[in-house]
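# Structural overview
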Amino acid sequence: MKKQNDNHINYVVNEEKRTCTAYLEDVQDGMKAMVRKRLEHYGLDGIMLYPNSFDSKDFLTAVVDDIPDKVVVTVRCSPEDEFNPETGCALARVRLLRKMYDYRYTVVVRAMNRLTFSAVLFNELLCTCNDHAMNYEDEESTILNSLKKSN
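Residues numbered from 1 in each chain as written. Predicted model: local features only at pLDDT ≥ 70, side-chain atom pairs only at ≥ 80, totals over all residues. Heavy atoms only, no water.

Below, the discussion takes up the overall build of the chain. When its secondary structure is counted, the chain shows four helices and four strands. Overall, the chain shows an N-to-C arrangement of helices and strands of β-β-β-α-α-β-α-α. Sequence-distant contacts in the chain: of pairs separated by 6 or more residues, those separated by 24 or more amount to 70%. (Helix = DSSP H or I, 4+ residues; strand = E, 2+ residues; numbered from the N terminus. Contact = heavy atoms within 4.5 Å.)

As enumerated under the stated definition, the model contains one aromatic pair in all. Seen from their ring centres, Tyr-101 and Tyr-136 are 6.1 Å apart, and the 20° between their planes marks the pair as stacked. A residue pair is termed long-range when its members are at least 10 positions apart, and Tyr-101 in helix α3 (residues 85–114) and Tyr-136 in helix α4 (residues 118–150) qualify at 35 residues. Since its relative accessible area comes to 14%, Tyr-101 is described here as buried. According to the relative accessible area criterion, Tyr-136 is buried, its value standing at 14%. (Phe/Tyr/Trp six-rings, centres within 6.5 Å; stacked < 30°, edge-to-face > 60°. Buried < 20%, exposed > 50% of the residue type's maximum accessible area, 1.4 Å probe, protein only.)

In this section: unusual backbone geometry. Here the phi dihedral of Arg-18 falls at roughly 60°; this positive angle occurs in a residue that is not glycine. As for its placement among the helices and strands, Arg-18 is situated in the loop between β2 (10–14) and β3 (19–24). A positive phi angle is found at Asp-26, which is not glycine, with a value near 60°. You can see Asp-26 is positioned in the loop between β3 and α1 (27–41).

It is worth spelling out the pairing of β3 at this point. Across the six residues of β3, six count as buried, placing the element largely inside the fold. Neither face of β3 is exposed, since Thr-19, Thr-21 and Tyr-23 on one face and Cys-20, Ala-22 and Leu-24 on the opposite face are all buried. Looking at chain direction, β2 and β3 are connected through five bridges and run antiparallel. Bridging across to β3, Asn-14 finds its partner in Thr-19. Hairpin connection between β2 and β3: a loop of four residues separates the two successive antiparallel strands, and Arg-18 in this loop has a positive phi of roughly 60°. (Pairing = 2+ DSSP bridges.)

A word on α3. Between the first and last C-alpha of α3 there are 43 Å, a value that for 30 residues agrees with the 44 Å anticipated at 1.5 Å per step. The backbone nitrogen of Glu-86 lies 2.9 Å from a side-chain oxygen of the residue at the head of α3, namely Asn-84. (Expected span 1.5 Å × (residues − 1). Polar contact = N/O pair within 3.5 Å; in protein donor to acceptor, adjacent residues only side chain to side chain.)

This part covers the state of the cysteines. Counting across every chain of the model gives zero disulfides. Cys-20 takes part in no disulfide bond, and the closest cysteine sulfur, belonging to Cys-89, lies 4.2 Å away. Judged by its relative accessible area of 1%, Cys-20 is buried. No disulfide involves Cys-129; its nearest neighbouring cysteine sulfur is the one of Cys-127, lying 9.4 Å away. On the basis of relative accessible area, Cys-129 is assigned to the buried category, the value being 1%. (Disulfide = S-S within 2.5 Å.)

This is the structure in structure tokens:
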């Protein structure tokens, strides 16, 4: 069973294997858009080469260089638990979003390291990414705790 929600997260539920998978595609383009938007807000162009871009890559390509273009998270139901696709998808979603904010944090740090005045541009976004990652970690704990209580 496949479904998609409004966050562009795709889900695959395999009841036979008792798994729920959440995935996002075109992640690098989304990361580039995030950085480009922040740069454009300050009148900068993310395509240009910066003097400290020693690897000859344009700025946007350099900051997302090893970020995967597709991010996938699969959760598996324990054999002793009852399989619930909604709970599995919720848990997969939270883990996927936590992973995405970890990647976003990495991209923001790289952008900051490549710009000399970057703290002004990216500090708020860096804090936001870190806060979201921590919130999803808390949400994951809440889901897992509710599962323990229901068993």
